[in-house]
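Topology and contacts: notes
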Amino acid sequence: GAGVSQSPRYKVAKRGQDVALRCDPISGHVSLFWYQQALGQGPEFLTYFQNEAQLDKSGLPSDRFFAERPEGSVSTLKIQRTQQEDSAVYLCASSLGGLAGGKSYEQYFGPGTRLTVT
Amino acid sequence: GQQVMQIPQYQHVQEGEDFTTYCNSSTTLSNIQWYKQRPGGHPVFLIQLVKSGEVKKQKRLTFQFGEAKKNSSLHITATQTTDVGTYFCAGPQGGATNKLIFGTGTLLAVQP
């Protein structure tokens, strides 16, 4: 079956521009996550949805970052007035469920969107 | 805040040698997951450990979860060039969330 897809794969934005990154999770996956990965670092949590509800947005770096998942499937991460420090790979992941009985569901990652802000 | 550290940051081995990466969390984890990320790729789930002291094997890979559920290790026997990549451990932050905190990662290079 199809995995997690993300678009665009590469995005170059001029400082100050707005960008929108799209994630198509695996069909039927309840949970959706956004991560930011800088070069040579591990993924850093940005935000988490369970269906259409955004349950945790504690990792969003500033109020310029906004994520939505209005119908509980496709999600969009929007970055307003991009800055150079926003340059990174943005990864989306989905999982079948949440945390239950101490056991997490494995997360399936998309290929990521590499954002370069010039 | 919660931190998950891995050592070493980088390891270069000759093909056929063994490799181990260690993962240490500042807090007790309900479970730990391991992911592999090939150069230019995205993280791919390898395994999850849940029980204290648990050991799981996948062919040449052996995963351990510490007794205190604060540390874990991944050991690869007789490395192959296909093992190249960065290995991340990850654990849920807090007691009731699916939010994962990823470790700092260990980059494995294998020379044929």
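Thresholds, definitions, all that
Residues numbered from 1 in each chain as written. Chains lettered and ligands numbered in written order. Predicted model: local features only at pLDDT ≥ 70, side-chain atom pairs only at ≥ 80, totals over all residues. Heavy atoms only, no water. Contact = heavy atoms within 4.5 Å. Buried area = accessible area lost by both parts, 1.4 Å probe. Salt bridge = Lys/Arg side-chain N within 4 Å of Asp/Glu carboxyl O. Polar contact = N/O pair within 3.5 Å; in protein donor to acceptor, adjacent residues only side chain to side chain. Helix = DSSP H or I, 4+ residues; strand = E, 2+ residues; numbered from the N terminus. Nonpolar A, V, L, I, M, F, W, Y, C, P; charged D, E, K, R; others polar. Phe/Tyr/Trp six-rings, centres within 6.5 Å; stacked < 30°, edge-to-face > 60°. Buried < 20%, exposed > 50% of the residue type's maximum accessible area, 1.4 Å probe, protein only.

**Quick notes on the interface of chain A and chain B**
Chain A puts 25 residues into the contact, and the matching count from chain B is 21 residues. Of the roughly 1700 Å² buried between chain A and chain B, counting both surfaces, carbon and sulfur atoms make up 54%. Summed over the shared surface of chain A and chain B, the number is zero salt bridges. Viewed at the interface, chain B and chain A are joined by three residue pairs in polar contact (both at pLDDT 80 or more). Listed by contribution, the elements that provide at least two residues to the side of chain A that touches chain B are β4 (31-37), β5 (44-50) and β9 (88-95) of chain A. Take the side of chain A that touches chain B: its biggest share by element is four residues, from β4 of chain A. Of the residues belonging to the side of chain A that touches chain B, the class tally is ten nonpolar, twelve polar and three charged.

**A closer look at the packing of aromatic side chains**
Across all of its chains, the model carries 13 aromatic pairs over all chains by this definition. A ring pair is formed by F65 of chain A and Y90 of chain A, whose centres lie 6.5 Å apart and whose planes are at 40 degrees; its orientation type is tilted. In this pair, F65 of chain A sits in strand β7 (residues 65-68) while Y90 of chain A sits in strand β9, placing the two residues 25 residues apart along the sequence. Ring centres 5.4 Å apart and planes at 50 degrees place the aromatic pair Y35 of chain B and F102 of chain B in the tilted group. You can see Y35 of chain B sitting in strand β4 (residues 32-37) and its partner F102 of chain B sitting in strand β10 (residues 100-102), a full 67 residues away along the chain. Of the residues examined, F102 of chain B reaches a relative accessible area of 8% and is grouped as buried. Three or more aromatic residues joined by ring pairs make a cluster, and in this case those are F33, Y35, F45, Y48 and F109 of chain A together with Y35, F45, F88 and F102 of chain B.

**Let's talk about the environment of R9 of chain A**
All names here are of chain A. Position of R9 relative to the elements: it lies in the loop between β1 (5-7) and β2 (10-13). Separated by 95 residues in the primary sequence, R9 and S104 have C-alpha atoms spaced 28 Å apart. Apart from the residues within four sequence positions on either side, R9 is in contact with P111, G112, T113 and R114. In this structure the side chain of R9 is engaged in a polar contact, spanning 3.3 Å, whose partner is the backbone oxygen of G112.

That's the geometry; what it means functionally is another story.
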